[in-house]
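Take a look at the letters that make up each chain.
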Amino acid sequence: MIIPELLSPAGDRERLEAALMFGADAVYLGGDTFSMRAAPQNFDFEGLTEAVKLCHERGVKVYLACNTLPRNGEADVLPSYLERWQDIGVDAFIVADIGVLSLCKKHAPKIPVHISTQAGIVNYVTANEFYNMGASRVVMARELSLSEIAEIRAKTPKELEIECFVHGAMCVSFSGRCLLSNYLVDRDANRGECAQPCRWEYALMEVKRDGMYFPIDDSKEGTYILNSKDMCMIEHIPELVNAGISSFKIEGRAKSAYYAAVITNAYRAAIDGYIKNPVPEYKTPQWAIDECYKISYREYCTGFYFGHPNENAQISLEGGYKRHYDVVAAVKECKDGYIIAEQRNKFYKGDELDALMPGCKPMTFTAVELFDADGNEIDAVPHPMMTLKIKSDLNFPKGTLLRKEK
């Protein structure tokens, strides 16, 4: 059995710390250039240096996304970036471009190279060729079934690792190769700037009838004809392991630290449970499955893993996320009969709270008595980032997230 790596997203320092706390074996992140997530939260050189140090102290690997398709001018400056990133000790580069792969091998030969899902690898011939070119890992196209992945595993060298997405947003375009955003709003998805027009609501208009539109809908809510469901494979850990997948990847560098914490924790429990009891009838703990519904999410599906999804792939009646829980505080410490925490969202005395801790089922308790930082009793916690105290003998580790159902 290949014991899979759990690979979590780290869009910034806060999300990185959440992934580390809740059980990631490795994280993937972006620098301030050449990354498919162009948001300002990415790591500059100093921040990346600190991130690598923090992760290595905890035995966690760092994979740096260098997966844009660079233009001529960018290709000229890439070698110097690769050399600097090699010097700080990242554990792998994630690349999508053959030219970038060649530059990695020339200018940063000590660093393994992972081939991004955007390379569109759908067969063992391509996987083998990337291995021959120096890649140590290939990230499968999301359009493959488990049986196809198993065949690729069987027909490639055992030294070549196989990584697959197991949770998160799905792109309507083939492995993320999309021009919609570029054409519609001049934001290039292949350079990390996708505006996600596939999530928009569409209708049909006729040019000469200004102000009139002709809905192309299934119901009064409209139609989101390009809007794919999210992937969730937490109930299928045995099938993923048995296909020979080396690394289970969670999508979501642009998502919140709370998302990184919850989904990492859930898949950590699911994977560890199966590794301890690898029987055909293994079932993921129900609480871990339930965690996937305590974040902001779209309707879930299993993507292409069990064949073509047909009608079970598209959200036709809604474009936004579902969200049933709010994080209300983060625990700083527990002492002298109090939970001392920092507020994230308003909550009230008497609210039932859920405590999310690493590696275990969440615990529910009631905030019977609330106090401010000076010890004054209060009925609510209204101010962002205020320090608060909850009277309780419970003992939670620092970083435990407190949340309540909406």
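This one's a predicted model, so the numbers in the text were calculated from it and none came from an experiment. (Residues numbered from 1 in each chain as written. Predicted model: local features only at pLDDT ≥ 70, side-chain atom pairs only at ≥ 80, totals over all residues. Heavy atoms only, no water.)

Undergrad: Would you mind showing me how to read the packing of aromatic side chains here?
TA: Where two aromatic rings form a pair, the distance of their centres and the angle of their planes describe that pair. Counted according to the given criterion, the structure contains 8 aromatic pairs. Aromatic side chains Tyr-81 and Trp-85 sit 5.5 Å apart centroid to centroid with 45 degrees between the ring planes, which places their arrangement in the tilted category. Highlighted residues: Tyr-81 and Trp-85, both in helix α3 (residues 72–88), separated by 4 residues, approximately one helical turn. Look at Tyr-297 and Tyr-300: their rings are 5.1 Å apart centre to centre, the planes differ by 10 degrees, and that puts the pair in the stacked class. With respect to burial, Tyr-297 and Tyr-300 carry one shared label: buried. An aromatic cluster of at least three residues, connected via ring pairs, comprises Tyr-81, Trp-85 and Phe-93. Positioned over the ring face of Tyr-325 is Arg-403, at 5.6 Å from the centre of the ring. (Phe/Tyr/Trp six-rings, centres within 6.5 Å; stacked < 30°, edge-to-face > 60°. Helix = DSSP H or I, 4+ residues; strand = E, 2+ residues; numbered from the N terminus. Buried < 20%, exposed > 50% of the residue type's maximum accessible area, 1.4 Å probe, protein only. Lys NZ or Arg CZ within 6 Å of the ring centre and 35° of its normal.)

Undergrad: In this structure, what is going on with the nonpolar core? I would like to understand it.
TA: Ranked by internal contacts, the top residues of the largest apolar core, which has 98 residues, are Val-27, Trp-85, Phe-93, Ile-115 and Tyr-267. Leave out the neighbours within four places in its chain, and Trp-85 touches Thr-33, Phe-34, Phe-45, Leu-48, Leu-64, Cys-66, Leu-78, Val-90 and Phe-93. (Core = buried A, V, L, I, M, F, W, Y, C linked by side-chain atoms within 4.5 Å. Contact = heavy atoms within 4.5 Å.)

Undergrad: What exactly am I supposed to notice about the side chain of Asp-354 here?
TA: Along the chain, Asp-354 falls in strand β16 (residues 352–356). Look at Asp-354 and you get buried, because its relative accessible area is 7%. Of note is the side chain of Asp-354, whose polar atom sits 3.2 Å from the side chain of Thr-364. Asp-354 has contacts with Lys-294, Tyr-325, Pro-362, Met-363, Thr-364, Leu-401, Leu-402 and Arg-403, leaving out every residue within four places of it along the chain. (Polar contact = N/O pair within 3.5 Å; in protein donor to acceptor, adjacent residues only side chain to side chain.)

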